[in-house]
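# A structural walkthrough
Residue strings, one per chain:
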Amino acid sequence: MAWGELFGLLVMLAALFGMSAVLARRAGVGSAAAPLAALALAELVLLASGLLGVLRPAGLALAALGLLGGGLEAALAKKKGAACPFAAALESPAAKLFWALALALAVGLWLLRPEFLNFDEYSFWGTAAKLTCENDALYTVCDTGLPWQMTELAALPLASYFFQLFGAFAPWRSIFAADLLMLAAVAAAVGCAKRARLACPLFLAGLSLPTLVTVAGHTALLNTAWLEFLGDLPAGMLFGGAAAFWLAVRDEGPAARWLTLPVLMLAANVKSNTFVLGLAAAGLVALDAVLFAPGGKRGAKGLAVRLGFGAACLAAPTAQYLLWNNYIAGLVRQNAAAGGMGDTASASLPAVVANGVKLLLGLPVESYFEARSDLFWQYGSAMTDAFWHRKVSVFGTGAAVAALTLAVFLAAVLLAPDKRARLRAALFAAGSGVCFAGYWLMLWLSYAFLLKDSTPESLASYPRYLASYYTGWLLLALAVLAVSCAAAKRPVFGRAAALAVGAVFAAALAVGTEPQFTLLGVGGGEYAAVRGEVAVAKAAKEAIEPGRKVFLIRQGDEGFSWFLFNQQLCPALVYGEGGATYGEPALVEGMAYGAPYTKEEFAALLEKEQVDLLLVSRVDDIFEESYADLFTDGLAAAKAGPALYEKGEAGWTPAASLAGEVTG
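Residues numbered from 1 in each chain as written. Predicted model: local features only at pLDDT ≥ 70, side-chain atom pairs only at ≥ 80, totals over all residues. Heavy atoms only, no water.

## Looking at the sheet that holds strand E4 (residues 574–575)
How we decide: Two strands form a pair only when DSSP identifies at least two bridges running between them. Secondary structure elements are taken from DSSP: a helix is a run of H or I of four residues or more, a strand is a run of E of two residues or more, and numbering for both begins at the N terminus. Contact between two residues is taken to exist if any of their heavy atoms lie within 4.5 Å; hydrogens are not considered. Working convention: axes come from line fits to C-alpha atoms, limited for helices to the stretch in contact. Angles between N-to-C directions cover 0 to 180 degrees.
Strand order in the open sheet formed by 5 strands is E4-E3-E7-E8-E9, with mixed pairing between adjacent strands. On the outer flanks of this sheet lie E4 and strand E9 (651–657), each paired with one strand and no other. When strand E3 (residues 550–554) meets strand E7 (residues 613–618), the two strands line up parallel, connected through 5 bridges. Residue pairing across strands places Ile553 opposite Val616, the latter belonging to E7. Sheet contacts for helix H24 (residues 599–608): E3, E7, strand E8 (643–648) and E9; angle to E3, the most-contacted strand, approximately 145°.

## Overview of the packing of aromatic side chains
Our working definition: Classification of ring pairs uses Phe, Tyr and Trp, with its six-membered ring standing for Trp, and accepts pairs whose centres are within 6.5 Å; under 30 degrees between planes counts as stacked, over 60 as edge-to-face, and the remaining range as tilted. Burial classes follow relative accessibility: with a 1.4 Å probe on protein chains only, a residue under 20% of its type's maximum area counts as buried, one over 50% as exposed, and anything between as partly exposed.
Applying the stated criterion across every chain, the model contains 46 aromatic pairs. Ring centres 4.9 Å apart and planes at 75° place the aromatic pair Phe17 and Trp99 in the edge-to-face group. In this pair, Phe17 sits in helix H1 (residues 3–26) while Trp99 sits in helix H4 (residues 93–112), placing the two residues 82 residues apart along the sequence. Like Phe17, the residue Trp99 is buried in the burial classification. Consider the rings of Tyr447 and Tyr465, whose centres lie 6.3 Å apart with planes at 55°: the pair is tilted. Here Tyr465 lies in helix H19 (residues 462–487) and Tyr447 lies in helix H18 (residues 419–449), a separation of 18 residues in the sequence. As far as burial versus exposure is concerned, Tyr447 and Tyr465 are alike and both buried. Cluster of aromatic residues (ring-pair linked, three or more members): Phe239, Phe387, Trp388, Phe436, Tyr439, Trp440, Tyr469, Tyr470 and Trp473.

## Thoughts on helix H12 (residues 275–291)
As a reminder, the rule being used: Helix span, as expected, comes to 1.5 Å for every residue beyond the first.
Between its terminal C-alpha atoms H12 stretches 25 Å, which fits the 24 Å expected from 17 residues at 1.5 Å a residue. In terms of residue burial, H12 counts as a mostly covered element, since 12 of its 17 residues are buried. Of all the positions in H12, only Phe275, Leu277, Gly278, Ala280, Ala281, Ala282, Leu284, Val285, Ala286, Asp288, Ala289 and Val290 are classed as buried.

## Concerning a nonpolar patch on the surface
Inclusion rule: Residues qualify for a patch when their relative accessible area is over 30% and they have no salt bridge, like charges being joined within 9 Å and the nonpolar side chains of Val, Leu, Ile, Met, Phe, Trp and Tyr within 5 Å. Reported accessibility uses the Shrake-Rupley method at a 1.4 Å probe radius. Residues are deemed covered only where the shown protein chains occlude them. The salt bridge criterion pairs a side-chain nitrogen of Lys or Arg with a carboxyl oxygen of Asp or Glu, the two atoms within 4 Å.
A contiguous nonpolar patch, built from Leu349, Val353, Val357, Leu360, Leu361, Leu363 and Trp377 and spanning about 620 Å² of accessible area, is present on the exposed surface. Sorting elements by how many residues they give to the nonpolar patch places helix H14 (residues 349–361) first, with 5 residues. Turning to its location among the elements, Val357 is positioned in helix H14. Owing to a relative accessible area of 33%, Val357 belongs among the partly exposed residues under this scheme.

## Some remarks on the packing of H19 against helix H20 (residues 491–512)
For clarity, the threshold we go by: Note on angle classes: values under 35 degrees are labelled roughly parallel, values over 145 roughly antiparallel, values of 65 to 115 roughly perpendicular, and the remainder oblique. By convention the crossing between two helices is left-handed if the near helix lies anticlockwise of the far one by an angle smaller than a right angle, and right-handed if it lies clockwise. For this classification, Asp, Glu, Lys and Arg are treated as charged, while Ala, Val, Leu, Ile, Met, Phe, Trp, Tyr, Cys and Pro are nonpolar and the rest, including Gly, are polar.
As a packed pair, H19 and H20 sit with axes 9 Å apart at the nearest point and diverge in direction by 155°. The angle between H19 and H20 falls in the class roughly antiparallel. For the pair H19 and H20, the sense of crossing is left-handed. Packed against H19, whose contacting residues are Leu474, Leu478, Leu481 and Cys485, the element H20 presents Gly494, Ala497, Ala498, Val501 and Phe505 at the interface. Considering only residue class, the contact of H19 with H20 consists of 8 nonpolar, 1 polar and no charged.

## A closer look at the pairing of E3
This is how it is decided: Whether a crossover is right-handed depends on one test, that the path from the first strand over the helix to the second runs clockwise when the strands point away from the viewer.
With 5 of its 5 residues buried, E3 lies for the most part within the structure. Both faces of E3 are covered, namely the face carrying Val550, Leu552 and Arg554 and the face carrying Phe551 and Ile553. Relative to E4, E3 is paired through 2 bridges, and the arrangement is parallel. For Val550, the partnering residue across the bridge sits in E4 and is Val574. Since E3 and E4 lie parallel, the crossover through helix H22 (residues 560–569) that links them has a hand, and here it is right-handed.

## Some thoughts on the pattern of salt bridges
If charged atoms from side chains of opposite charge come close, those side chains can pair. Enumeration according to the criterion identifies 16 salt bridges in this entry. Glu533 is the salt-bridge partner of Arg554, the closest N and O atoms lying 3.0 Å from each other. Here the residue Arg554 occupies a position in strand E3, and Glu533 occupies one in helix H21 (residues 528–543), the gap between them amounting to 21 residues. The class of Glu533 is buried, set by a relative accessible area of 6%. Glu607 is the partner of Lys647 in a salt bridge, and the nearest nitrogen-oxygen pair spans 2.5 Å. One end of the pair, Lys647, is in strand E8; the other, Glu607, is in helix H24, and 40 residues separate them in sequence. On the basis of relative accessible area, Glu607 is assigned to the partly exposed category, the value being 48%.

## Comments concerning the environment of Val480
Residue position: Val480 is located in helix H19. Accessibility expressed as a relative area gives 5% for Val480, which makes it buried. Put simply, Val480 and Leu406 are 74 residues apart on the chain and 11 Å apart in space, counted from C-alpha to C-alpha. Setting aside its immediate chain neighbours within four residues, Val480 contacts Leu247, Phe409, Ala412, Ala425 and Phe428.

## Here's the deal with the pairing of E7
In terms of residue burial, E7 counts as a mostly covered element, since 5 of its 6 residues are buried. Taken together, the 4 bridges between E7 and E8 define a ladder with antiparallel strand orientation. Opposite Leu614, over in E8, you have Tyr645 as the bridge partner.

## Quick word on the nonpolar core
The criterion, for reference: Take the buried Ala, Val, Leu, Ile, Met, Phe, Trp, Tyr and Cys residues and link them wherever side-chain atoms come within 4.5 Å; each set so joined is a nonpolar core.
Val29 and Phe163 are the most contacted members of the largest nonpolar core, which totals 215 residues. Excluding residues within four positions of it along the chain, Val29 makes contact with Leu23, Ala24, Ala34, Phe245, Val249, Ala256 and Leu259. One finds Tyr575, Phe602, Leu606 and Tyr645 within the second-largest nonpolar core, a separate group that totals 24 residues.

Just distances and angles here, no functional claims.
Structure follows, in structure tokens:
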């Protein structure tokens, strides 16, 4: 069962544990927050080394430093007579839960071996991770097998690379990396509660968030909250986790506090359209640092230090984001100059923000935005209606999620031991509410001016986009509640609040989700169809000589399989319509993904693209009736199963049978 994959992952998990132990002992970071800091620092190192072209040496150095550092800390602790050499890294109950769940998750995913199931995992996320792993370089400089520049942010593919350093690429290890980021965010939030009787129920609540906020509407399909490699949920959880990290370390000393900066940079480097989440976390941290002096820093000098720290919190993620955008812009210009696709955006983000605000204020705007002003207001009305009436979680509508979040914040305010603590809790409640309004505006502008595959009636991917904020918002509320529970004047009230919140979230998970739609109810059968297609693609790759042009034929495809084959055959470029049903115009008329070509036009298309091989994954009666005469065997090999055809003088001739593999 590919023991090497599990062993390689466990080696890197041990290295991460070593880094966490060093941070806990030497930087004063709480043991529950240390894994998130270690992951953030590792991502920064990998990002810098990737830009410099030395990704693998940097990864090996991180592994060595983590293992050696952890071993040295254990030796020093043993020399001092400590009962447990890793006590510093396991001091908090939340830390113990984190590492236990990390091991369980590693073994569980290794046994299940999930594949990528989501369209976007093949069009970008999984492909970027695979390219980075197999080329030991940032995916941005790899031969992608796709006709456009892959320009999303790098944190998630680099997190995957960290756990793929030893052994061949495996999708389940990428999924583990995304899950570990979310687990680390939960641990940082719950680490604010120092005692097990508080940490355990709050940890359960935090673990349930990704499922509770995404399971709505799943009645027949697998809910992949913990089984996907997409940026939306990690971006949201890291938004809440970054602010929670600050709450966990603000009283631990300067070194621990300054480690908030790489955590904020990590939160802002997951998805381009959720960069605003990292900025929101930075703003909340900056406000708390300036208004409520950590470490007893008062007076003019203390104020200057706090203002400097607050400015650094805002500047760090912004600088990283701008530098990455400049780097990508340079690559896009190079690609365009070389004949590839350049920047195809209809408007720049700064122009969208400026003109959107002008529309809200009733001021004149540029012609592009004026022409879409009616659509802008239609989207605003549609989003408002969806907030009140569209179910987006087990808890119900967006309004219900917001009400629950504010209720958790209110409990934190009431439990706070003094006026200062109550004001701090209220600041996070009010500040995160304002940030939600900003995120709402960002989505509104995106729908109106940037997203092309959406209408006010459909609001494409609305639950997924909002899930990013809702998960992080709830996680932040749990962190603030954990602080109040730990400091409550009457501990019994703190314990009661933690148990009540844990019970509410557990009940929602039990009542609102069917077992087969949760992580615990997943079996291998959900992946049978995709595994069949992956097997066909891998077999085809072995039979295809480098440099030969391949054209994919898979009748009934809507794009998913086209991206899957591109990912598996990369760096070979798979030609075709990007997912289509080919046939004579009269036979595919009215099909959403029909590709109408006469026999002569189809032959001319293949000639124009200078195709060497046809990878025929699936044919149907339409294809046979339309093009069987172009094949020397009348498509007999293709009807028997997937097959490769090569160009011959008499027509397309069977080159290799892939019929031993199964497609879904």
